[in-house]
Amino acid sequence: MPSFTADELLQQSRDVAERAYAPYSEFRVGAVVVDEHGMSYAGVNVENAAYGSGQCAEASAIGGAVSAGAGRIKAIAVSSPNAAPCWPCGNCRQILREFDVETVIVEGADGSALELPLGDLLPNSFGPEDLKGAGT
Ligand code: THU
């Protein structure tokens, strides 16, 4: 079963970023998630002429992982040839929160892998367990 280091996941995200569909912003982003079995799933940002219909790389990677039947998602690596670090946007942090992703890996200015707990990027967050009181 494959398993990857933070540097390897970051490299995978750099590689897939080349496939980003970003004709409007020209800001290419690649994301790679790894699940509990050590399997990785990649995604890129996919823009749209109706700008608001575009999708971030993190959302693409999560969608691919869920579609493929991945196990629990443990970590995500995000990178862009246009910015280091390339931090996940607020909406993507919430998407990662839904799946209890533990670790976010981004590329430091010197190219090294920076690892942070998602809780540092989205403290005091709202998640699935907060809906438990609904309908009572
Ligand atoms: N983008 C991502 O793919 N992920 C982020 O977390 C930040 C922004 C994309 C969206 C858009 O296609 C481009 O970067 C510029 O915002």
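Below you will find a few notes about this structure.

## Brief notes about the overall build of the protein chain
Part 1 of the reasoning: A count of helices and strands for the protein chain gives 4 helices and 5 strands.
Part 2 of the reasoning: A compact globule built from 136 residues would reach a C-alpha radius of gyration of about 14 Å, and the protein chain, at 15 Å, matches this within 12%.
Part 3 of the reasoning: The dimensions of the protein chain, computed from C-alpha atoms along their principal axes, are 50 × 40 × 30 Å.
Part 4 of the reasoning: Within the protein chain, the proportion of its 136 residues that are buried is 38%.
Part 5 of the reasoning: Here the contacts in the protein chain between residues at least 6 apart in sequence split such that 61% fall between residues at least 24 apart.
Part 6 of the reasoning: Of the roughly 7,300 Å² of accessible surface on the protein chain, 51% is carried by carbon and sulfur atoms.
Part 7 of the reasoning: Within the protein chain, the 18 negative side-chain charges are centred at a point lying 3 Å from the centre of the 8 positive side-chain charges.

## So, the side chain of Asp 35
Part 1 of the reasoning: With respect to the helices, strands and loops of the structure, Asp 35 is situated in strand E1 (residues 30–35).
Part 2 of the reasoning: Within the buried set, Asp 35 has no salt-bridge partner at all; the shortest N-O distance to an opposite charge, 9.6 Å, is to Lys 74.
Part 3 of the reasoning: In terms of polar contacts, Asp 35 uses its side chain to reach the backbone amide nitrogen of His 37, at 2.9 Å.
Part 4 of the reasoning: A distance of 2.9 Å separates the side chain of Asp 35 from the backbone nitrogen of Gly 71, its partner in a polar contact.
Part 5 of the reasoning: Once you skip the residues sitting within four places of it in the chain, Asp 35 turns out to touch Tyr 41, Ala 70, Gly 71, Arg 72, Ile 73 and Lys 74.

The rules behind these values
- Residues numbered from 1 in each chain as written.
- Predicted model: local features only at pLDDT ≥ 70, side-chain atom pairs only at ≥ 80, totals over all residues.
- Heavy atoms only, no water.
- Helix = DSSP H or I, 4+ residues; strand = E, 2+ residues; numbered from the N terminus.
- Rg over C-alpha atoms; globule rule 2.2 N^0.38 Å.
- Buried < 20%, exposed > 50% of the residue type's maximum accessible area, 1.4 Å probe, protein only.
- Contact = heavy atoms within 4.5 Å.
- Areas by Shrake-Rupley, 256 points an atom, 1.4 Å probe, with all protein chains shown as cover.
- Lys, Arg positive; Asp, Glu negative; His and termini not counted.
- Charge placed at Lys NZ, Arg CZ, Asp CG, Glu CD.
- Salt bridge = Lys/Arg side-chain N within 4 Å of Asp/Glu carboxyl O.
- Polar contact = N/O pair within 3.5 Å; in protein donor to acceptor, adjacent residues only side chain to side chain.

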